Amino acid sequence: MSAVPPSPLLKRVPPGAWTALAWCAGTVFTFLIRMRLPGESMSSAYPGVLFHRWDGRTTLALATALTLIGSGLLRRRPLAALILVLAGAVLGTVPLSVGAIPLPQFLSVDVALYFIAATRRRGVCFTAVGLVFATLTAYVAVRLANDWTIGTSTELAVAMTALVAWLIGNSTHQAREHAEAARARTAAEAVTAERLRIARELHDMVAHSIGIVALQAGAARRVIDTQPTGARDALREVEMASRETLSGLRRMLGALRQAELKDGARVAVLDEMPGLADVDRLAETITSAGVRVEVRWRGERRPLPPQVDLSAFRIIQEAVTNVVRHSGARSCVVSIERRDEEVAIEVVDDGRGHGVTSGTGYGLVGMRERVALLHGELTTGPRPEGGFRVTARLPLPTGVR
């Protein structure tokens, strides 16, 4: 099983930054409690023999370096990063002359353990928590082997914080897995329901029209030798019914994706559908929301079939909406090119890449369904130079090329 995508908070601030911050906070606290603060008759903790000596400060600096290096590796190599952070916690304890690893030195380990449990697969999570408890056990065992005193209660408290950090991270992991599975099921159910609705509409339309075609063709076959005029009339009706059916199918495939409630029933909307003529107005609306949208037209702006016009507009609408909601971009460019055999659309932004390639969002499902119904192509993904790109090619029916 692959790593679970991090939550929005984890996306905004790298895990290593939180780990490094926890180490710095713990180090500052360690210094503060070994100083006599205002209102105190003496410091809360004994400084230790090595604390103010050069070798103690050197050890503390080395521990800080290991922790910061581990923090930088946490996203890419979590177990190696955790080992470095654990080594930093152990080395940072040496100058303190205490019998157990104090909680301030272990805060960074707890934070790193939480992120690993929240974002990595089960095997890595169990290995990480095993490393943490093995380190605590080894530290106590070394002190006992040298007949040194140990801080049993402190060690138990630190072990408890590590267990709590792992449990919270594991709960976050499970909640996010459940949410991802629920979104995937909901999206799949939405696609299935839409396809069933399309199948019902197709059945009603095609069954009626094909029945008429079959009757007229049978009549033409029976009288083609004796009544050529009647046969021609029947074939004309076949031609007209076929054309009307084909035109209706094209309109329906473009309109079935949109519906509204009328008298408690969900029905397809064919009138007042938006199209590419409304893109400029859409750009003005998005620009007023804070993201500048530039629309570039190429080729001759001729009328398009309703289903192509509607689908092109909805793809652009969804793409620029994703730019506003997910990319953090300040501007985007919408390019629309009317070619001889197709309409080409491209939406490019300068944001951080909003990652809609997973296919779990309803917007992407809708875009793919629209393009698939028109036998076109849709491509989405981050750009090498930064930002995100959505491209679509919608072929035109032969009669309108």
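The rules behind these values
Residues numbered from 1 in each chain as written. Predicted model: local features only at pLDDT ≥ 70, side-chain atom pairs only at ≥ 80, totals over all residues. Heavy atoms only, no water. Axes fitted to C-alpha atoms, helices over the stretch in contact; angles between N-to-C directions. Helix = DSSP H or I, 4+ residues; strand = E, 2+ residues; numbered from the N terminus. Parallel < 35°, antiparallel > 145°, perpendicular 65-115°, else oblique. Left-handed = near helix turned anticlockwise from the far one by under 90°. Contact = heavy atoms within 4.5 Å. Nonpolar A, V, L, I, M, F, W, Y, C, P; charged D, E, K, R; others polar. Core = buried A, V, L, I, M, F, W, Y, C linked by side-chain atoms within 4.5 Å. Buried < 20%, exposed > 50% of the residue type's maximum accessible area, 1.4 Å probe, protein only. Pairing = 2+ DSSP bridges. Salt bridge = Lys/Arg side-chain N within 4 Å of Asp/Glu carboxyl O. Patch = residues over 30% accessible without salt bridge, like charges linked within 9 Å, V, L, I, M, F, W, Y side chains within 5 Å. Areas by Shrake-Rupley, 256 points an atom, 1.4 Å probe, with all protein chains shown as cover.

Participant: An account of the packing of helix 5 (residues 103–119) against helix 6 (residues 122–145) is requested, with residue identities and associated values reported.
Facilitator: Running from amino to carboxyl end, helix 5 crosses helix 6 at an angle of 160°, the nearest separation of the two axes being 9 Å. In terms of their interaxial angle, helix 5 and helix 6 are classed as roughly antiparallel. Note that helix 5 runs across helix 6; the crossing there is left-handed. The segment helix 5 lies against helix 6, with Phe106, Val109, Leu113, Ile116 and Ala117 engaging Val124, Cys125, Ala128, Val129, Val132 and Leu136. Split into classes, the residues belonging to the contact of helix 5 with helix 6 amount to eleven nonpolar, no polar and no charged.

Participant: An account of the nonpolar core is requested, with residue identities and associated values reported.
Facilitator: Counting 33 residues, the largest nonpolar core has Leu276, Ile316, Val320, Val343, Ile345 and Leu394 as the members making the most contacts within it. Elements with a minimum of two residues in this core: helix 9 (279–288), helix 10 (306–327), strand 4 (331–338), strand 5 (342–349), helix 11 (362–373) and strand 7 (388–395). No other element matches the eight residues that helix 10 contributes to this core. Once you skip the residues sitting within four places of it in the chain, leucine 394 turns out to touch Val308, Ser311, Ala312, Ile315, Glu342, Val343, Ile345, Val371 and Leu374. Leu74, Ala89, Ile101 and Phe115 belong to the second-largest nonpolar core, a separate cluster that totals 26 residues.

Participant: Requested: an account of the sheet that holds strand 5, with residues and values cited.
Facilitator: Pairing is mixed in the open sheet, where five strands are placed in the order 3-4-5-7-6. In this open sheet, the two strands that pair with only one neighbour each are strand 3 (292–298) and strand 6 (377–382). Going from strand to strand, the sheet's axes swing by 10° on average, the running direction of each strand aside. As paired elements, strand 4 and strand 5 share seven bridges and run antiparallel to each other. In the strand pairing of strand 5, cysteine 332 is matched with aspartate 349.

Participant: Now, about the environment of leucine 60: what can you tell me, with residues and values included?
Facilitator: Of note, leucine 60 is situated in helix 3 (residues 54–73). Sequence separation between leucine 60 and glycine 92 is 32 residues; the distance between their C-alpha atoms is 5.1 Å. Beyond its immediate chain neighbours, meaning those up to four positions away, leucine 60 contacts Trp23, Thr27, Phe31, Gly92 and Pro95.

Participant: So what's going on with the pattern of salt bridges? Which residues, and what values?
Facilitator: Summed over all chains, the structure comprises eleven salt bridges. For aspartate 278, the salt bridge identified is with arginine 281, shortest N-O distance 2.9 Å. As a salt-bridge pair, arginine 383 and glutamate 385 come within 3.2 Å of each other at their nearest N and O atoms. Look at arginine 383 and you get buried, because its relative accessible area is 19%. With a relative accessible area of 56%, glutamate 385 lands in the exposed category. Linked through salt bridges whose partners overlap, the residues forming this network are Glu337, Arg339, Glu342, Glu377 and Arg393.

Participant: Tell me about a nonpolar patch on the surface, and please be specific about residues and values.
Facilitator: A cluster of nonpolar side chains, contributed by Met160, Val164 and Ile168, occupies part of the molecular surface with about 290 Å² of accessible area. For methionine 160, the position within the fold is in helix 7 (residues 152–223). For methionine 160, a relative accessible area of 56% translates into the label exposed.

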